[in-house]
Amino acid sequence: MLSEKRLTGLRLRSIVSALFNHRLFIPIILLFIVQLLVVVGLFTRVEMKLYDSWFRLSGAKHPGDEVVVIAVDDYSIEQIGPLAWPRSVHADLVDKLSQARVVTFDLTFGSLKEPQGDKAFAQAIERHGRVILPFEFDFETGDNGEKVQYIKFPHQMFMEHTSGIGFVNTPTDIDQVVRRATLVDVNTYEFPIPSLDLATYLAAKNLGVEDLKIIPGYLDIKGYKIPIDHENKAMPAFWGPRETFKNIRYADVLNGKVAPEYFKDKIAIVGSVTQDEHDVYATPYTTSNMVKHGSPETPGVEIHAAITQSMLSNLWYRPVSPLHNFLFLLFGGTLTAVLVGRRGPWKGLLGTLLIMAVSIGLVYGLWHYHWWLNLAAPLILILLTYVVVTSTDFIQAEMERRKTRAVFSRYVSPDVVEELMKDPDSVELGGAKRVVTIMFADIRGFTAYSENKDPVDVITRLNEYLTVMTRTIQKHGGTLDKYLGDGLMAFFGAPIYYEDHVERAIRVAVEIQDAIKELNAEWAKKDGSPPLLVAIGINTGPAVVGNVGSPERMDYTLIGEDVNLASRTEALTKLFETLVLISERSYDFLPPGEIKDSLHYVGAELVKGFTHPIKVYSLSGLDLHFEKSKDKGFK
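Residues numbered from 1 in each chain as written. Predicted model: local features only at pLDDT ≥ 70, side-chain atom pairs only at ≥ 80, totals over all residues. Heavy atoms only, no water.

The subject of this paragraph is the packing of helix 3 (residues 44–58) against helix 12 (residues 345–368). It is at 11 Å that the axes of helix 3 and helix 12 come closest, and there the two elements cross at 75°. Classified by the angle their axes make, helix 3 and helix 12 are roughly perpendicular. Contacts from Y51, W54, F55, L57 and S58 in helix 3 reach I360, V363, Y364, W367 and H368 in helix 12. Looking at the contact of helix 3 with helix 12, its residues break down into 8 nonpolar, 2 polar and no charged. (Axes fitted to C-alpha atoms, helices over the stretch in contact; angles between N-to-C directions. Helix = DSSP H or I, 4+ residues; strand = E, 2+ residues; numbered from the N terminus. Parallel < 35°, antiparallel > 145°, perpendicular 65-115°, else oblique. Contact = heavy atoms within 4.5 Å. Nonpolar A, V, L, I, M, F, W, Y, C, P; charged D, E, K, R; others polar.)

This is the structure:
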């Protein structure tokens with residue numbers, strides 16, 4: 001009896017073998033490999049680009065007229081003068097925007113310039129009562145070499161009259177694209193410090209910093225919850241590329257070209273849109289810096305407008321949890337393995353494309369509901385599963401094919417085995433009726449040449465001739481049926497059918513004649529042997545092609561009247577003293593063209609087994625003539 005240890009080993013090997021042979025084993029391994037790559041961040045950039053593509057695919061959306069941009073543009077600089085403008089200019093602007101619900105500046109005022117203008121600006125801020133000013137978090141290197149954060153506040157003169165301040169630091173992802181917005185800072189003071197956009201929203205809703213509350217996963221603004229991550233970042237909507245929000249020139253407002261009533265109850269955000277200020281960022285809609293061929297980077301002031309509008313519209317995006325992303329990955333990989341396995345490459349590919357289409361549709365649909373589900377990793381897993389499972393199935397099938405080949409090669413020819421491997425169901429007696437072109441070839445004078453020769457030399461030379469003919473036949477897709485002593489039989493159009501099977505046979509006949517001439521020249525140079533000629537007969541017609549014989553021994557060949565006629569056509573070459581003859585039936589199958597035009601009528605002759613004389617043709621322009629009297633093998 002087997003020992004317990006040996007039994008345990010056998011059971012373990014059995015379990016391992018069963019596991020490796022299970023159809024889901026490889027997909028599971030692929031799943032964990034891809035998930036590992038997800039964890040290390042390999043797909044992060046690609047996922048971000050896919051996220052951007054959903055915005056571009058949906059197209060730009062009108063954000064409404066509640067938020068407008070007062071653009072410090074090149075035109076305004078030409079009209080007002082070079083930057084930085086006197087504070088009195090900004091004071092005039094604030095007065096022109098007196099009916100706006102909120103005026104937010106995306107311009108810094110960290111120091112005083114000239115007393116009169118600074119005072120006028122401070123007074124204008126006080127008169128309006130709803131002006132928001134920006135500040136920045138910045139870093140400097142301390143005495144010990146460490147980075148120290150500090151705040152660049154607006155000057156006290158302006159800040160004491162404003163209704164709120166907010167930081168303008170704009171975070172970007174690892175690919176330098178703005179997709180998220182930091183709404184509050186909790187690292188500097190004991191209370192949340194709002195961003196410029198949040199400060200604008202608070203002023204518009206008559207709320208204050210005391211109304212902010214951070215709860216797990218959300219920023220709570222007196223019951224209004226904005227989804228945020230652990231860094232207090234939210235994912236706002238991006239309404240479109242640059243200038244999706246209405247841009248009003250600073251100079252036009254200042255010069256009275258826009259009526260003050262237009263700004264009633266609107267939020268006006270003032271900021272630079274010129275490239276010289278370098279306050280531009282890539283957003284999901286940014287596709288190129290070439291204005292004519294894409295969407296250039298967006299000014300920071302328009303990004304603030306988009307974030308503010310997201311607050312007003314309560315429109316935010318949220319990434320799904322890692323668990324849900326993994327479940328989606330698992331679903332895609334498992335479904336692909338089930339639909340692809342053992343269905344062949346093309347059906348498997350169709351199933352794979354269907355799964356990919358469904359996955360893309362699902363992710364895009366969830367995006368419309370403001371959920372961001374990862375897609376890059378699932379698509380990669382689906383493709384990998386298809387490739388690996390299909391390859392594995394192919395290898396297994398090939399191993400089975402080789403086993404079958406080893407069995408059948410014992411009693412059928414290799415050509416038949418190849419055909420059987422393509423269609424195992426054809427392993428039976430009988431065959432199919434097909435129109436084919438049959439060729440018979442025979443070496444003229446070989447019998448006389450063989451007399452009084454060393455059999456080894458005779459066989460060597462015969463093999464060289466047959467090798468040349470065989471290679472030429474197979475080169476053009478012909479099937480070698482059998483060798484007939486010093487000749488052979490071949491056919492074209494089966495097992496693989498070609499529309500031009502007649503033309504292929506005629507081309508082979510021509511190339512054989514050229515090859516034989518070269519071979520004769522080599523033999524003559526070698527030992528002075530006389531040249532041998534190859535006569536060819538070609539006929540076309542229906543024949544039964546398939547496995548002929550007994551269950552123990554089958555041969556892939558063809559039978560029929562036209563096979564006999566091909567043999568008779570080859571025999572007529574002696575009568576008509578030419579090396580190549582094509583029957584009338586082959587001639588009639590030829591379409592008009594170069595090959596048919598190259599044939600000329602030779603004559604007609606009654607042959608055994610046929611009631612009417614057979615018309616035959618030969619090739620023009622080739623020296624195919626030989627005399628019967630010199631053919632010692634002719635009887």
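Now that the structure is up, let's keep going.
According to the stated counting rule, one finds 20 salt bridges in the structure shown. Here D73 and R249 are joined by a salt bridge, their closest N and O atoms 3.5 Å apart. A residue pair is termed long-range when its members are at least 10 positions apart, and D73 in the loop between strand 1 (67–72) and helix 4 (74–80) and R249 in strand 13 (residues 247–249) qualify at 176 residues. E136 is paired through a salt bridge with K152; the nearest N and O atoms lie 3.8 Å apart. Here K152 lies in strand 4 (residues 147–152) and E136 lies in strand 3 (residues 131–141), a separation of 16 residues in the sequence. Via salt bridges that share partners, K49, D52, D173, D175, R179 and R180 belong to a single interconnected network. (Salt bridge = Lys/Arg side-chain N within 4 Å of Asp/Glu carboxyl O.)

So, on to helix 18 (residues 561–576). Across its 16 residues, helix 18 extends 22 Å between first and last C-alpha, which sits within 8% of the 22 Å expected from 1.5 Å per residue. Buried residues of helix 18: D562, V563, L565, A566, T569, E570, L572 and T573, and no others. (Expected span 1.5 Å × (residues − 1). Buried < 20%, exposed > 50% of the residue type's maximum accessible area, 1.4 Å probe, protein only.)

Turning our attention to the sheet that holds strand 6 (residues 181–182). Read from one edge to the other, the open sheet built from 4 strands follows the order 6-12-17-18, with strand pairing classed as mixed. The sheet is open, and its two borders are formed by strand 6 and strand 18 (371–372), each paired with just one other strand. Here strand 12 (residues 233–236) runs beside strand 17 (residues 316–319); their pairing, made up of 2 bridges, is antiparallel. If you follow P236 over to strand 17, its bridge partner there is W316. Those strands touched by helix 10 (residues 300–313) are strand 6, strand 12 and strand 17, and its axis lies near 90° from that of strand 17. (Pairing = 2+ DSSP bridges.)

Going through the model one piece at a time under the given rule, you end up with 24 aromatic pairs. Ring centres of Y601 and Y617 lie 5.5 Å apart, and the angle between their planes is 70°; on these two criteria the pair is classed as edge-to-face. Here Y601, found in strand 25 (residues 599–605), pairs with Y617, found in strand 26 (residues 614–619); they are 16 residues apart in sequence, far enough to count as distant. A relative accessible area of 11% means that Y617 is categorised as buried. Residue placement shows R504 over the ring face of Y498; its charged tip is 3.6 Å from the ring centre. (Phe/Tyr/Trp six-rings, centres within 6.5 Å; stacked < 30°, edge-to-face > 60°. Lys NZ or Arg CZ within 6 Å of the ring centre and 35° of its normal.)

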